[in-house]
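# Observations on the model geometry
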Amino acid sequence: MRWLHTSDWHLGRGFHGHSLRTEQEQMLETVCAAVTEHQVDVVLIAGDVYDRALPPEWAVAALEETLQRMTDGGAQVIITPGNHDSAQRLGFGRGLMRGSGVHIRSALSDAWTPVEIPEPDGSTTLVYGIPYLEPQLFAPTLGLDRGHHTGVTAEVIARIWVDVAQRRQNVSEPKVVLMAHLFAAAGAASDSERNIGVDVGAGDQPNHHEDSIGGLAVVPLELFDGFDYVALGHLHGRQRLSETVRYSGSPLRLSFSETRQAKGAWLWDSHSGEPAQPLDWSIGRPLAQLESTLEELLSPGMVQQHQESYVQVKLTDPIRPARAFQRLQEVYPYMASFSHTGRQDTPHRTYSAKVEQARTDTEVIEGFLEHVRGGRGPSAEEAHLITQSLQAVRQ
């Protein structure tokens, strides 16, 4: 059987003020075409189907149409929510959809209750889909004293292996597939994995036992030992962490840090014995990062090459030319980011640079404090209060 591993569609997301609806509709068309072309039997969507808990209406309608096309073609679809999704909203009607071949694993108990996929040779593949689990919310339910991603993930996977052992009494050596939305060790991040907060442990103190990148604490790769295939979501670059552990990445480029990332999905045959093969996709407008003087950026050759791209401009003239932004916008209609790097000596420029370069909510606040205090950032106590406040807002 052939399996398509994809994730991080982020339906409803924009790009620096530009709508990505057209590109995302092209993306869904590409996914459906791949299912048909490669005769895919099972589609795995490993989280962040939507970009936010309340997606726009067109995104909901587009997802419904896409799922209908896949199942009409004979494929089964298994979905796990990511940190951007509302698990409850995404999971609406999941009991009704199950009969049509769409399996949404949005509840905690779903994590150790597999979707059973019968194989043509009479064997069975068990697919365990772990929805995104906010550690502080789910650790008590799992009987854990501290809430962090490694502990929660390890406990859920332990329960999965208990279920596998019980099923092996009736099913001879089933293949076991895992889906999860998290940050696994050895994965490479990009700027578009937006921060959702650092884990907080006992006593409301920051948990320093795990690194945190992109808001999700890093979990050890060895947790995934023993699975026949691990379909991960959250990181936006397609990557191979081991022979069996893969990130499909986002099909679209969602930040300028992804300009040179491989984009696409993974195609896996559960009985060939071969590792998953990459599918390369090029969807939507290209991205261009331009750093030069205004004269060079306005040159005919440069304009012709990048006029239809989403452009990030860093102007290097020592003194900012008059109407620089307006003149560039006239020739680059999809200019998404503009900054003047030639001068760094005014307070406004310094603060703008800090905001532009900030990757997380915490960095935005720290940049503001440095600006209004003349270069002095938050103290250790203030940094702790900022972390607590952001965590409270997110919860």
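A few words now on the overall build of the protein. A tally of helices and strands in the protein yields 12 helices and 20 strands. Look at the contacts in the protein between residues 6 or more apart in sequence, and 67% of them connect residues 24 or more apart. For the protein, the exposed area adds up to about 18,300 Å²; of that, 49% sits on carbon and sulfur atoms.

A full pass over the atoms with the stated rule returns 12 salt bridges. In this structure, Asp 110 engages Arg 94 in a salt bridge whose closest nitrogen and oxygen atoms are separated by 2.6 Å. Of this pair, Asp 110 sits in the loop between strand E6 (102-104) and strand E7 (115-118) while Arg 94 sits in helix H4 (residues 94-97), placing them 16 residues apart in sequence. Glu 330 is the salt-bridge partner of Arg 323, the closest N and O atoms lying 3.4 Å from each other. The class for Arg 323 is partly exposed, based on a relative accessible area of 47%.

Turning to its location among the elements, Asp 163 is positioned in helix H6 (residues 149-167). If we skip the residues at most four places from it in the chain, Asp 163 touches Trp 112, Pro 114 and Tyr 128.

Moving on to the sheet that holds strand E20 (residues 335-340). Strand order across the open sheet formed by 3 strands is E18-E19-E20, with parallel pairing between neighbours. The two strands at the open ends of the sheet, each matched to only one other strand, are strand E18 (287-292) and E20. Sheet twist, expressed as the mean angle between neighbouring strand axes with direction ignored, is 10 degrees. Bridge analysis of E18 against strand E19 (residues 310-315) gives 6 bridges, and the strand direction is parallel. Bridging across to E19, Leu 287 finds its partner in Tyr 310. Helix H9 (residues 324-331) rests against E19 and E20 of the sheet, and its axis sits at about 155 degrees to E20.

Another aspect to go through is the nonpolar core. Grouped together as the largest cluster of nonpolar side chains are 39 residues, with contacts concentrated most on Leu 4, Trp 9, Leu 11, Val 43 and Ile 79. Elements supplying a minimum of two residues to this core: helix H1 (21-37), strand E4 (42-46), helix H2 (57-72), strand E5 (76-80), E6 and strand E16 (264-269). Residues in contact with Ile 79, not counting those within four places in the same chain, are Ile 45, Val 49, Leu 67, Leu 90, Val 102, His 103, Ile 104 and Arg 105. Ala 111, Tyr 128, Ile 130 and Val 164 belong to the second-largest nonpolar core, a separate cluster that totals 30 residues.

Attention shifts here to the packing of H1 against H2. Packing of H1 against H2 leaves a shortest axis separation of 10 Å and a crossing angle of 10 degrees. Between H1 and H2, the crossing angle belongs to the class labelled roughly parallel. Note on element contacts: H2 touches H1 through Trp 58, Ala 62, Thr 66, Arg 69 and Met 70, opposite Arg 21, Gln 24, Glu 25, Leu 28, Glu 29, Val 31, Cys 32 and Val 35. When its residues are assigned to classes, the contact of H1 with H2 shows 7 nonpolar, 2 polar and 4 charged.

In this section: the environment of Arg 253. Positionally, Arg 253 belongs in the loop between strand E15 (245-247) and E16. The class for Arg 253 is partly exposed, based on a relative accessible area of 25%. Ignoring sequence-local partners within four residues, the contact set of Arg 253 consists of Phe 15, Glu 258, Thr 259, Arg 260, Gln 261, Lys 263 and Leu 287. There is a polar contact of 2.6 Å between the side chain of Arg 253 and the backbone oxygen of Glu 258. Polar contacts involving the side chain of Arg 253 include one to the main-chain carbonyl oxygen of Gln 261, which spans 2.7 Å.

This part takes up the pairing of strand E13 (residues 229-233). Along E13, 5 of the 5 residues are buried, which leaves the element largely enclosed by surrounding structure. Here E13 shows two buried faces, one formed by Tyr 229, Ala 231 and Gly 233 and the other by Val 230 and Leu 232. Strand direction decides the pairing type here: strand E9 (residues 175-181) and E13, joined by 5 bridges, are parallel. Counted as the bridge partner of Val 177 is Tyr 229 from E13. With 3 bridges connecting them, E13 and E15 associate as parallel partners. Counterpart to Val 230 in the pairing with E15 is Val 245.

Summary statistics for the protein give a mean pLDDT of 87 and a share of 87% for residues scoring 70 or more. A low-confidence stretch, residues 196-215 stays under pLDDT 50, and its non-local contacts, those more than four residues away or across chains, total 51 contacts.

Here the focus is the sheet that holds E7. Taken in spatial order, the 6 strands line up as E7-E8-E9-E13-E15-E14 in an open sheet, and their pairing is mixed. In this open sheet, the two strands that pair with only one neighbour each are E7 and strand E14 (239-240). As paired strands, E7 and strand E8 (residues 124-129) are joined by 4 bridges and run antiparallel to one another. Paired with Pro 118 across the two strands is Thr 124, which belongs to E8.

Reading guide: rules and limits
- Residues numbered from 1 in each chain as written.
- Predicted model: local features only at pLDDT ≥ 70, side-chain atom pairs only at ≥ 80, totals over all residues.
- Heavy atoms only, no water.
- Helix = DSSP H or I, 4+ residues; strand = E, 2+ residues; numbered from the N terminus.
- Contact = heavy atoms within 4.5 Å.
- Areas by Shrake-Rupley, 256 points an atom, 1.4 Å probe, with all protein chains shown as cover.
- Salt bridge = Lys/Arg side-chain N within 4 Å of Asp/Glu carboxyl O.
- Buried < 20%, exposed > 50% of the residue type's maximum accessible area, 1.4 Å probe, protein only.
- Pairing = 2+ DSSP bridges.
- Axes fitted to C-alpha atoms, helices over the stretch in contact; angles between N-to-C directions.
- Core = buried A, V, L, I, M, F, W, Y, C linked by side-chain atoms within 4.5 Å.
- Parallel < 35°, antiparallel > 145°, perpendicular 65-115°, else oblique.
- Nonpolar A, V, L, I, M, F, W, Y, C, P; charged D, E, K, R; others polar.
- Polar contact = N/O pair within 3.5 Å; in protein donor to acceptor, adjacent residues only side chain to side chain.
- pLDDT = per-residue confidence, 0-100.

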